[in-house]
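Structure at a glance
Each chain is listed here by its residues.
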Amino acid sequence: MAGNIKLHVEDLTISFKTTQGLVRAVRGVSFDLHEGETLAIVGESGSGKSVTSRTIMGILAGNGIIDDGKIIYEGEDLTKVDEDHFHEIRGNKIGMIFQDPMSSLNPIMKIGKQVTEGMILNGKHLENRYKALFHESKTTLNRLHREKKSLKVELKENLKAIKTGDSSADGMVLKEECNAALANVKAAIPAAKKKLVVDKKAAKIAIALEWKNEQKRVAKLVSDVKANLADSDGEAKQAYIDEINVLQENLKRFKKVTKRQATERAIEIMNEVGIPDPVRRLNQYPFQFSGGMRQRIVIAIALTASPDVLICDEPTTALDVTIQSQILELINDLKRERNLSVIFITHDLGVVANMADRIAVMYAGKVVEVGTAEDIFYNPRHPYTWALLSSMPDLDSKDRLVAIPGTPPNMLFPPKGDAFADRNQYAMKIDFERQPPMFKISETHRAATWLLHPDAPKAEMPEVIKVRIDRMLAQSEEETV
Ligand SMILES: Nc1ncnc2c1ncn2[C@@H]1O[C@H](COP(=O)(O)OP(=O)(O)O)[C@@H](O)[C@H]1O
Ligand SMILES: [Mg+2]
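Residues numbered from 1 in each chain as written. Chains lettered and ligands numbered in written order. Predicted model: local features only at pLDDT ≥ 70, side-chain atom pairs only at ≥ 80, totals over all residues.

1. A look at the environment of Gln 261
Basically, it comes down to this: Runs of E in the DSSP output that reach at least two residues are strands. Runs of H or I that reach at least four are helices, and both are numbered from the N terminus. Once C-beta atoms are placed from the backbone, each residue is buried if 20 or more other C-beta atoms lie within 10 Å of its own, exposed if 12 or fewer, and partly exposed for counts between those two.
Among the secondary structure elements, Gln 261 is positioned in helix α9 (residues 259–272). On the neighbour-count criterion, Gln 261 (17 C-beta atoms within 10 Å) is partly exposed. Through-space distance from the C-alpha of Gln 261 to that of Glu 369 is 46 Å; in sequence the pair is 108 residues apart.

Rendered as structure tokens:
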């Protein structure tokens, strides 16, 4: 399973500015997503799952700040790429589906238009190639402008500190350094501007030439066919006429994805995601679809861009149980057929039992345990994972749900020690004082709990979980026999 690393998240730290203060939503989250695997991120509501995934997608709310960390995708840090380029990645490589399909669909636009829209936008071949030709110089100029802006802010703060006497002896030095850096950036801007203008002009010429050559090439082919056409009749004549039509259609496609082409593709993908009678369905509106079918449409829209990473944020939470398992099955099939790497987010461990290769358990903005599905289900080590397991609905045994006692901490004031300490019957003194590091349990398995410290007293997981694990093990043995 352990393919190449598709996405590497390291020490991701995100907070939100609110009127009450800073909400520390994500606090140093790290994980890898391997090629072709399903990584489940599991945790109670409010643990930071959606904020993490929205940040990967570049759609963090306006009051959110990335305080620290990296998101490496194909060698690039997504926290640092500029908006234009991020759009390319987001639209084409990383797709996302949300809990409520209605909120990602436009209620007053026909389904067909919604499925083809992105393809038509992304399919402006010549225009996109034109933009790519001066992408680098544009990025450079944007970066310089950003640097100029942040240096100005820094300088202002330095000056204020000097004025109010808050500044240390280094204040003047800092100010000078800031001034020098600002002067450098300012000096570099005119040349960068000029380069952009030159590159844009060159790009325009190159693309115009490309288009002209293609037109010429096709015109030549068409005239050859026309010559044959003149000497023929009947079926042969019709074949030549068809050939000319194809040549002309292809010429249009050279420039951009045509509406017809996008519609053909939309029908294929709607078939792929199990929407019956797609041709008729194209002309309907979202309200004419059931919840499950709407979620299939949202999945189809995500697939039109041929992503290789798919993030599913509680995609089945709003659906009833039978529909839920159909959608899970669909995601599994798509993953296999398209070799997708999937991040599957849920508050319910039970949902991912049959689909996750690996599981990261999140609590209060941190990953508290990570391992293979076997590690987490059969050898859980963090008391929070124990609690999640015991609160998992068990359909076979009619066990009553054991709700996790207490509530998660208020992330305006994250606790000093282990955030789960308050709710943890195994908590020791140190749990209230210091945050536990990640302890390595095996090559695949890690957990952040002081219980794993060599000096900690031995703590056994609760009896009900042991029973449950034994039953799950017996069940899985039965299934594999
Ligand atoms: N735009 C926002 N402004 C302030 N706080 C936010 C915002 N978005 C999310 N949060 C807070 O961040 C924390 C994590 O939220 P979220 O990632 O949505 O949790 P979940 O694990 O349920 O998906 C929560 O405490 C939530 O209230
Ligand atoms: Mg969420």
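2. Here we look at the packing of helix α5 (residues 125–133) against helix α7 (residues 171–230)
Rules: Fitted lines through C-alpha atoms serve as axes, helices being fitted only where they are in contact, and the angles separating the N-to-C directions of these axes extend from 0 to 180 degrees. By convention the crossing between two helices is left-handed if the near helix lies anticlockwise of the far one by an angle smaller than a right angle, and right-handed if it lies clockwise. Any two residues are considered in contact once their C-beta atoms, placed from the backbone, lie within 7 Å. When residues are grouped by polarity, Ala, Val, Leu, Ile, Met, Phe, Trp, Tyr, Cys and Pro land in nonpolar, Asp, Glu, Lys and Arg in charged, and all others, Gly among them, in polar.
The geometry of α5 relative to α7 is characterised by a closest axis approach of 8 Å and an angle of 150° between their N-to-C directions. Handedness of the crossing formed by α5 with α7: right-handed. Seen from α5, the contacting residues are Leu 126, Arg 129, Tyr 130 and Leu 133; seen from α7, they are Asp 199, Ala 203, Lys 204, Ala 206, Ile 207 and Trp 211. Here the contact of α5 with α7 is built from residues that sort into seven nonpolar, no polar and three charged.

3. Points about the sheet that holds strand β1 (residues 5–18)
For the record, the criterion: Strands pair, by our definition, only if DSSP identifies at least two bridges between them.
Read from one edge to the other, the open sheet built from four strands follows the order β2-β1-β4-β5, with strand pairing classed as antiparallel. Looking at strand neighbours, the two that pair on one side only are β2 (21–34) and β5 (76–77), the edges of this open sheet. Two elements, strand β4 (residues 64–73) and β5, share two bridges in a ladder whose sense is antiparallel. Opposite Tyr 73, over in β5, you have Glu 76 as the bridge partner.

4. Digging into the pairing of strand β3 (residues 38–42)
Where burial is concerned, most of β3 is hidden: five out of the five residues are buried. Burial along β3 is two-sided: the residues Thr 38, Ala 40 and Val 42 and Leu 39 and Ile 41 are all buried. Note: β3 against strand β9 (residues 358–363), four bridges, orientation parallel. Pairing of Ile 41 across the sheet is with Ala 360, part of β9.

5. Quick word on the domain arrangement of the chain
The line we're drawing: Here the bounds of each domain stem from an automatic or database domain assignment.
Taken domain by domain, the chain comprises domain 1 (1–93 + 306–481) and domain 2 (135–255). Measuring from the centre of the C-alpha atoms in domain 1 to the corresponding centre in domain 2 gives 39 Å.

6. Here we look at the site of ligand 1
Inclusion rule: Note on definitions: a residue is near a molecule or strand provided its C-beta atom, placed from the backbone, lies within 6 Å of it.
Taken together, 15 residues surround ligand 1, and among them Phe 16, Ala 25, Lys 49, Ser 50 and Val 51 come closest. Secondary-structure elements contributing two or more residues to the shell around ligand 1 are β1, β2 and α1 (49–57). Among the elements that line the shell around ligand 1, the one with the most residues is α1, at three residues. Residue classes in the shell around ligand 1 are distributed as six nonpolar, eight polar and one charged.

7. Quick word on the pairing of β1
In this sheet, β2 lies alongside β1 in antiparallel orientation, the contact comprising eleven bridges. Paired with Ile 5 across the strands is His 34, a residue of β2. Here β1 folds back onto β2 in antiparallel fashion, the turn holding two residues. Where β1 and β4 come together, eight bridges link them in antiparallel fashion. Paired with His 8 across the bridge in β4 is Ile 72.

8. Structural notes on unusual backbone geometry
Despite not being glycine, Glu 74 has its phi angle at roughly 45°, a positive value. Note that Glu 74 resides in the loop between β4 and β5. Positive phi is not limited to glycine here, since Glu 314 has a value of about 50°. Judged by the 20 C-beta atoms lying within 10 Å of it, Glu 314 is buried.

9. Some remarks on the nonpolar core
So the rule is basically this: In plain words, the nonpolar core is the set of buried Ala, Val, Leu, Ile, Met, Phe, Trp, Tyr and Cys residues that C-beta atoms within 7 Å link up.
Within the largest apolar cluster, 80 residues are counted, with the highest numbers of intra-cluster contacts made by Val 42, Ala 300 and Val 361. Considering every element that reaches this core, the biggest residue donor is helix α11 (residues 291–303), with eight residues.

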